[in-house]
Amino acid sequence: MPRGLSSSRRTFLQLSAAAAAFQIMTEPMLAAAARHRPFSKDAVMIDSNENPLGPSQPARDAISAITPLGGRYLDNLTDELIQTFAQQEGLNPDYVRVFPGSTPPLRFTVVAFTSPQKSYVAADPGYEAGPRTAAEGGARVVNVPLTKTYAHDVKGMIAAAPDAGLFYICNPNNPTGTLTPHSDLEYLVENKPKGSVVVVDEAYIHLCDASSALDLVKAGKDVIVLRTFSKAYGMAGLRCGFAVAHPELLDKIMERSGWNFMPITALVAASASLKDPNLVPERKRINASVRQETFQWLDRNGYSYIASESNCFLLDTKRPAKQVIDAMAQQNVFIGRIWPIMPTYSRITVGTQQEMEKFQAALQKVMRGATAFSLPVAPIRNPRRTAELLS
Ligand SMILES: Cc1ncc(COP(=O)(O)O)c(C=O)c1O
């Protein structure tokens with residue numbers, strides 16, 4: 001069924017409702033829950049950090065080739081994917097587990113390492129899936145604002161939670177697309193409370209020049225790196241990701257997650273993607289070029305935004321962003337949700353050049369055109385005020 005139809009939206013919202021009961025929360029559910037109108041034909045969908053390019057040609061060919069074998073479990077494909085990744089990254093294969101996306105390992109890591117006695121510590125604004133799971137288990141959720149350069153405030157995070165069970169670092173961060181220096185990660189790992197772990201979510205790492213935290217895993221630190229094929233590799237709908245950590249940490253995650261079989265289509269597409277040496281550089285270049293052109297256009301037209309190194313950025317609408325999100329949806333352009341700490345900002349995903357041109361045209365119409373905005377224009381950083389404005 002085409003994604004634009006309202007039944008598709010209903011399914012997402014039903015899933016969101018189910019997710020609320022079980023506290024499983026993923027980017028598409030968060031995006032759908034924030035949407036106020038269904039997608040229609042030719043909608044520009046830049047609200048859920050997807051990759052509009054989809055899987056690479058080698059990945060598509062691999063899927064076609066494996067389809068006749070879809071009646072088989074083909075366990076060896078998981079091993080092959082792990083071997084390929086481990087070899088490329090200089091890791092022991094025992095340090096790698098495969099999951100359908102990085103959402104499941106994120107959830108089970110939070111379940112394993114937080115509790116009413118062990119808090120979940122993250123940046124604000126940050127990716128919302130982890131705190132929801134932590135709160136479900138009764139853990140204290142400690143949100144520490146990003147620094148002035150929009151990096152994780154690792155010293156602030158350590159100071160705020162002597163009872164920390166898990167520090168969540170998203171590098172580059174969702175929603176800001178900004179980086180945290182590797183030296184800060186090292187500081188966190190060396191100075192965190194004993195027994196806690198550091199999760200480094202590298203969902204968007206391929207799109208920027210940041211160094212990975214895999215070296216800390218190799219050095220035997222209490223670090224769990226999460227990777228996904230949903231972003232640069234364009235496989236969000238195919239579902240494949242990794243948890244990478246010392247086997248003792250992985251065992252704690254696997255105790256919670258149990259074991260399930262991966263779809264063979266995802267496994268072969270992921271292997272083919274890893275073996276394609278041009279894929280990551282090419283997609284990184286395309287994303288950076290469209291992002292740069294978008295930023296130049298925003299600069300020329302006097303809009304404010306937070307410069308990002310990823311496939312999303314925060315646009316400051318200088319008014320309660322919900323008004324702009326709704327007005328943009330009327331123009332058939334779906335932009336992303338709001339984080340309560342920054343209620344005048346909306347997250348924009350970098351789409352294709354053509355999509356970003358439609359975004360620009362719609363934004364001009366909405367911001368300069370007929371739409372009247374009646375609420376205050378100054379940024380409001382008080383979360384309680386935010387709740388009122390967003391309701
Ligand atoms: C920071 C972050 N982590 C994890 C995920 C989960 O992605 P997936 O389950 O598709 O791998 C997302 C999705 O957008 C994300 O933004």
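In this text the structure is predicted, and so the values were computed from the model without any measurement. (Residues numbered from 1 in each chain as written. Predicted model: local features only at pLDDT ≥ 70, side-chain atom pairs only at ≥ 80, totals over all residues. Heavy atoms only, no water.)

Visitor: Explanation requested: the overall build of the protein in the structure shown.
Guide: Counting secondary structure elements, the protein contains 15 helices and 12 strands. For the protein, the residues scored as buried account for 55% of the 391 residues in total. Of the contacts formed within the protein by residues at least 6 apart in sequence, a portion of 71% connects residues at least 24 apart. (Helix = DSSP H or I, 4+ residues; strand = E, 2+ residues; numbered from the N terminus. Buried < 20%, exposed > 50% of the residue type's maximum accessible area, 1.4 Å probe, protein only. Contact = heavy atoms within 4.5 Å.)

Visitor: Would you mind going over the nonpolar core with me for this structure?
Guide: One broad trend across soluble globular proteins is that nonpolar side chains are buried collectively. Of all hydrophobic cores here, the largest spans 50 residues; its most connected members are Leu81, Phe229, Cys240 and Val244. Considering each element in turn, this core owes the most residues, eight residues, to helix H11 (residues 264–275). Those residues in contact with Cys240, other than ones at most four positions away along the chain, are Leu81, Val98, Phe99, Pro100, Gly101, Thr228, Phe229, Ser230, Met235, Met262, Ala266 and Ala270. (Core = buried A, V, L, I, M, F, W, Y, C linked by side-chain atoms within 4.5 Å.)

Visitor: What is the right way to read helix H12 (residues 279–300) from this model?
Guide: Since the α-helix turns once every 3.6 residues, residues separated by three or four places project in the same direction. Over its 22 residues, H12 runs 32 Å from end to end, which matches the ideal 32 Å to within 8%, given 1.5 Å per residue. Three or more residues of H12 are buried, namely Leu279, Arg283, Asn287, Val290, Arg291, Thr294, Phe295, Trp297 and Leu298. One side of H12 holds all its buried residues, which, seen down the axis, span an arc of 160°. As for H12, its buried residues are in contact with H11, strand E9 (304–305), strand E10 (312–316) and helix H14 (353–368). Phi turns positive, to about 75°, at Gly302, one or two residues after H12. (Expected span 1.5 Å × (residues − 1). Arc of directions from axis to C-beta.)

Visitor: Would you mind showing me how to read the pattern of salt bridges here?
Guide: Pairing between side chains of opposite charge can happen when the charged atoms of each approach one another. Applying the stated criterion to the full structure yields 14 salt bridges. The salt bridge partner of Lys318 is Asp316, with a shortest N-O separation of 3.7 Å. Relative accessible area serves as the criterion here: at 38%, Lys318 is assigned to the partly exposed category. Within the structure, one salt-bridge network assembled from shared partners comprises Glu27, Glu128, Arg337 and Arg347. (Salt bridge = Lys/Arg side-chain N within 4 Å of Asp/Glu carboxyl O.)

Visitor: What is the right way to look at the side chain of Asn171 in this model?
Guide: Relative to the helices and strands, Asn171 resides in the loop between strand E5 (164–170) and helix H8 (182–191). Once residues within four sequence positions are removed from consideration, Asn171 is found in contact with Thr178, Leu179, Thr180, Leu185, Val200, Asp201, Glu202, Ile205 and Ala210.

Visitor: Explanation requested: the sheet that holds strand E2 (residues 96–99) in the structure shown.
Guide: By way of backbone hydrogen bonds, the strands of a sheet pair with one another, either parallel or antiparallel. Strand order in the open sheet made by the seven strands is E2-E8-E7-E6-E5-E3-E4, with mixed pairing throughout. Only two strands of the sheet have a single partner each, and these edge strands are E2 and strand E4 (141–145). Adjacent strand axes in the sheet meet at a mean angle of 20°, parallel and antiparallel pairs treated alike. The sheet contacts of helix H4 (residues 76–89) involve E2, strand E7 (223–228) and strand E8 (241–244), and relative to E2 the element is tilted by about 130°. (Pairing = 2+ DSSP bridges. Axes fitted to C-alpha atoms, helices over the stretch in contact; angles between N-to-C directions.)

Visitor: Would you explain the sheet that holds strand E12 (residues 345–349) in this entry?
Guide: Taken in spatial order, the three strands make up an open sheet running E9-E10-E12, and their pairing is antiparallel. In this open sheet, the two strands that pair with only one neighbour each are E9 and E12. Sheet analysis places E10 next to E12, joined by five bridges and oriented antiparallel. If you follow Cys312 over to E12, its bridge partner there is Thr349.

Visitor: I keep staring at the packing of helix H5 (residues 103–113) against helix H6 (residues 129–136) and nothing clicks. Help me out?
Guide: Helices that pack against each other are described as a pair by the angle of their axes relative to one another and the distance between those axes. Relative to each other, H5 and H6 sit at 40°, their axes nearing to 9 Å. At the point where H5 passes H6, the crossing takes the right-handed sense. For the pair formed by H5 and H6, the contact residues are Leu106, Arg107, Val110 and Val111 on the first element and Ala129, Gly130, Thr133, Ala134 and Glu136 on the second. Taken together, the residues of the contact of H5 with H6 break down into five nonpolar, two polar and two charged. (Left-handed = near helix turned anticlockwise from the far one by under 90°. Nonpolar A, V, L, I, M, F, W, Y, C, P; charged D, E, K, R; others polar.)

Visitor: Looking at this structure, how should I read the packing of aromatic side chains?
Guide: Aromatic ring pairs are defined here through the distance separating the ring centres and the angle between the ring planes. Applying the stated criterion to the full structure yields 10 aromatic pairs. Plain terms: the ring middles of Phe229 and Phe242 are 5.5 Å apart, the flat faces sit at 70° to each other, and that makes the pair edge-to-face. A residue pair is termed long-range when its members are at least 10 positions apart, and Phe229 in the loop between E7 and E8 and Phe242 in strand E8 qualify at 13 residues. Residue classification places Phe229 among the buried positions, given a relative accessible area of 2%. Through pairs of rings, three or more aromatic residues link up here, namely Phe85, Phe229, Tyr233 and Phe242. (Phe/Tyr/Trp six-rings, centres within 6.5 Å; stacked < 30°, edge-to-face > 60°.)

Visitor: It is not clear to me how the site of the ligand should be interpreted in this structure. Could you clarify?
Guide: Taken together, 15 residues lie near the ligand, and Thr103, Asp201, Tyr204, Thr228 and Ser230 sit nearest. Separating an oxygen atom of the ligand from a side-chain N or O atom of Ser230 is a distance of 2.6 Å. Lys231 has a polar side-chain atom sitting 2.7 Å from an oxygen atom of the ligand. Surface burial for the ligand is 96%, taken as the share of its 390 Å² of free accessible area covered by protein chains. Of the residues in the shell around the ligand, the class split is five nonpolar, six polar and four charged. (Near = heavy atom within 4 Å. Polar contact = N/O pair within 3.5 Å; in protein donor to acceptor, adjacent residues only side chain to side chain. Areas by Shrake-Rupley, 256 points an atom, 1.4 Å probe, with all protein chains shown as cover.)

Visitor: How do you make sense of the confidence of the model for the protein when you look at a structure like this?
Guide: One rule of thumb: low pLDDT means the predicted coordinates there are not for detailed reading. Looking at the protein as a whole, its pLDDT mean stands at 90, while 88% of the residues score no less than 70. Across residues 374–391, where pLDDT falls below 50, the model places 28 contacts with residues more than four positions away in sequence or in other chains. (pLDDT = per-residue confidence, 0-100.)

Visitor: What is the right way to look at the environment of Glu282 in this model?
Guide: Mapped onto the secondary structure, Glu282 falls in helix H12. Sequence-wise, Glu282 and Ala232 are 50 residues apart; in three dimensions their C-alpha atoms are separated by 9.5 Å.

Visitor: What's the story with the packing of H12 against H14 in this structure? I'm lost.
Guide: Relative orientation of the contacting elements H12 and H14 amounts to 20°, with a least axis distance of 10 Å. Considering their axes alone, H12 and H14 lie roughly parallel with respect to each other. In the crossing of H12 with H14, the sense of the turn from one axis to the other is right-handed. Facing Val290, Glu293, Thr294, Trp297 and Leu298 of H12, the residues of H14 in contact are Gln353, Met356, Phe359, Gln360, Leu363 and Gln364. A breakdown of the residues in the contact of H12 with H14 according to their chemical character gives six nonpolar, four polar and one charged. (Parallel < 35°, antiparallel > 145°, perpendicular 65-115°, else oblique.)

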